[in-house]
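# Observations on chain architecture
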Amino acid sequence: MKALLLDATQRTGVVKSLPCPVPAPNELLIQVKAIALNPVDALYAAEPLGKTGRVLGSDFSGIVVSLGSSVPESSHLVAGSRVAGFLQGASSIDDHPGAFAEFLVCPWDLVWRIGDLPFELAATVSLCALTAAQALFLRFRLPAPFTWCNSDVPDTKDEPRTQDHGPISIFINGASTSVALFASQLAQHTPCPVRLFGSASRKHFSMLSSAPYNYAHLVDYRSPGWPQQVLALTENRGINLAYDCISEGDTVLKTSMTLKKMVGVHGDRTAKLAVVRSREGGAWSTPMKELGVEPSYGAVWEGLGEEVIYAGMTLAPNAVSRAFTAAFYAWLSEGKELVPNPVRIMPGGLANVAEDGFVLLGSGGMNDRQAPAKDQEYMRPVSGEKLVYIIQ
Ligand SMILES: NC(=O)c1ccc[n+]([C@@H]2O[C@H](COP(=O)([O-])OP(=O)(O)OC[C@H]3O[C@@H](n4cnc5c(N)ncnc54)[C@H](OP(=O)(O)O)[C@@H]3O)[C@@H](O)[C@H]2O)c1
């Protein structure tokens, strides 16, 4: 089979032939039909953690070819099932293969059944929707529309509440990012009433104020006073939960400025802030005393439940996070599907991912995205959409 392999010396991906992988007892062999690109795919090709020869890439959709011996019948998976999921790509120093290949193996509980959804749309969902779900339901502790191992007896003392029992206000910075396009939808699946506030370019306001995103209020992130505009839209009460889907430079500070500052009258409820990139990773550096609250950060990889070894730190295996992923994907499999991201189908296949897709995504950060050298229409900046390649 063909796969896109990391060339750690040239800091890029190259297509080579590899033997087809063999599924372990708990795994599925999947024929990949489409892949979707995430900023981390480009980042870890440009700044390699893994060794040359590692298969790159995270998000995929495809068809189950065969099942390992211990995949349970209750999985409702058979040869021919249409599925989507994500792998770690080259985002660690261990040697787990990624998804940008003609065939891959994946644990059965880390895929979801996509039904009739076209492969190119289904490929956009798994990584970013899980990232958003982890922020809303694990970090913010909003009640989830599904249960996982330890959520049967919820610990409600930390759940967000509003002082006046009105809707919970949620502000999403970078509302047109892939993560945010799922976060806004998922926020509407919590049983609590919520009111969505977001920042984006004006050109996306019409899309974002309509179904399925349904923002009540939007501000232009290029307007210098946008945090004050958000506060004014809350009648200066402030936001209960703020999710910075950019987390670069001063965006964490600006997002924190939208938050409700006071502790609730009933005691200890404070507003919460979540970020998509960590302070330790260097994309932003504002100290907690300036933010007023310590942002919560998590890497989506923890949802795979396995140890992830980065250059300087190790993510411990996390059984609860794995159970959360399995429950979330089981919920998606029931057809409570989220609307996938708008897609830009990129020309070519695996061979074009590094020279086109990775160039458009830069080296991971929004500020690193430079105008590409090619002037074709498909090389315009990524804006409110996901880059997708059809594999076979
Ligand atoms: N923690 C994790 O595990 C995890 C998981 C997934 C993603 N991430 C990170 O989350 C971030 C978002 O990823 P993504 O794939 O969702 O991004 P994306 O879809 O590629 O984001 C592109 C969008 O960002 C908007 N944008 C750029 N700068 C902005 C700013 N300063 N304020 C508001 N909007 C801005 C652009 O809007 P315009 O075109 O209109 O300017 C564009 O629509 C990335 O840094 C990624 O690495 C983290």
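Residues numbered from 1 in each chain as written. Predicted model: local features only at pLDDT ≥ 70, side-chain atom pairs only at ≥ 80, totals over all residues. Heavy atoms only, no water.

Per an unreviewed UniProt entry, the protein is named GroES-like protein, and its organism is Rhizodiscina lignyota. As stated in UniProt under Sequence similarities (unreviewed entry), the record for the protein gives "Belongs to the zinc-containing alcohol dehydrogenase family." Its UniProt record, at the heading Subunit (unreviewed entry), says of the protein: "Monomer." (UniProt positions renumbered as here; feature names shortened; annotations may be inferred.)

### Topic: the sheet that holds strand β11 (residues 241-244)
The six strands are arranged β10-β9-β8-β11-β12-β13 in an open sheet whose pairing can be described as parallel. Sheet topology places β10 (217-220) and β13 (296-297) at the edges, where each strand pairs with a single neighbour. Packed on one face of the sheet, helix α3 (residues 126-139) meets β11, β12 (272-275) and β13 and runs near 155 degrees to β11. (Pairing = 2+ DSSP bridges. Helix = DSSP H or I, 4+ residues; strand = E, 2+ residues; numbered from the N terminus. Contact = heavy atoms within 4.5 Å. Axes fitted to C-alpha atoms, helices over the stretch in contact; angles between N-to-C directions.)

### Focus: the domain arrangement of the protein
When its domains are assigned, the protein resolves into domain 1 (2-125 + 340-390) and domain 2 (128-303). Put simply, the middle of domain 1 and the middle of domain 2, counted by C-alpha atoms, are 28 Å apart. Taken together, the 19 residues of domain 1 in the interface contact 18 residues of domain 2. Summed over both partners, the interface of domain 1 with domain 2 comes to about 1400 Å²; 59% of that surface belongs to carbon and sulfur atoms. The tally of links between domain 1 and domain 2 comes to zero salt bridges. Joining domain 1 to domain 2, the criterion identifies seven residue pairs in polar contact (both at pLDDT 80 or more). Here the side of domain 1 that touches domain 2 is composed, by residue class, of eight nonpolar, ten polar and one charged. (Domains from an automatic or database assignment. Buried area = accessible area lost by both parts, 1.4 Å probe. Salt bridge = Lys/Arg side-chain N within 4 Å of Asp/Glu carboxyl O. Polar contact = N/O pair within 3.5 Å; in protein donor to acceptor, adjacent residues only side chain to side chain. Nonpolar A, V, L, I, M, F, W, Y, C, P; charged D, E, K, R; others polar.)

### Quick look at helix α10 (residues 350-361)
Under the 1.5 Å per step criterion, the end-to-end length of α10 is 16 Å for twelve residues, consistent within 8% with the ideal 16 Å. Within α10 the residues assigned to the buried category are Leu350, Val353, Ala354, Asp356, Gly357, Phe358, Leu360 and Leu361. Where α10 is buried, its residues contact β1 (2-7), β2 (12-17), β3 (27-36), α1 (39-46), β16 (343-345) and β17 (386-390). Looking one or two residues past α10, Gly362 carries a phi angle of roughly 65 degrees, positive in sign. (Expected span 1.5 Å × (residues − 1). Buried < 20%, exposed > 50% of the residue type's maximum accessible area, 1.4 Å probe, protein only.)

### Here's the deal with the nonpolar core
The biggest cluster of nonpolar side chains holds 99 residues, and the ones touching the most others in it are Ile35, Phe60, Trp301, Phe328 and Phe358. Here the element with the most residues in this core is α3; it accounts for nine residues. Taken domain by domain, this core gets at least three of its residues from each of domain 1 (2-125 + 340-390) and domain 2 (128-303). Judged by nonpolar contacts, the second largest core, of 16 residues, contains Phe197, Val275, Ala283 and Val293. (Core = buried A, V, L, I, M, F, W, Y, C linked by side-chain atoms within 4.5 Å.)

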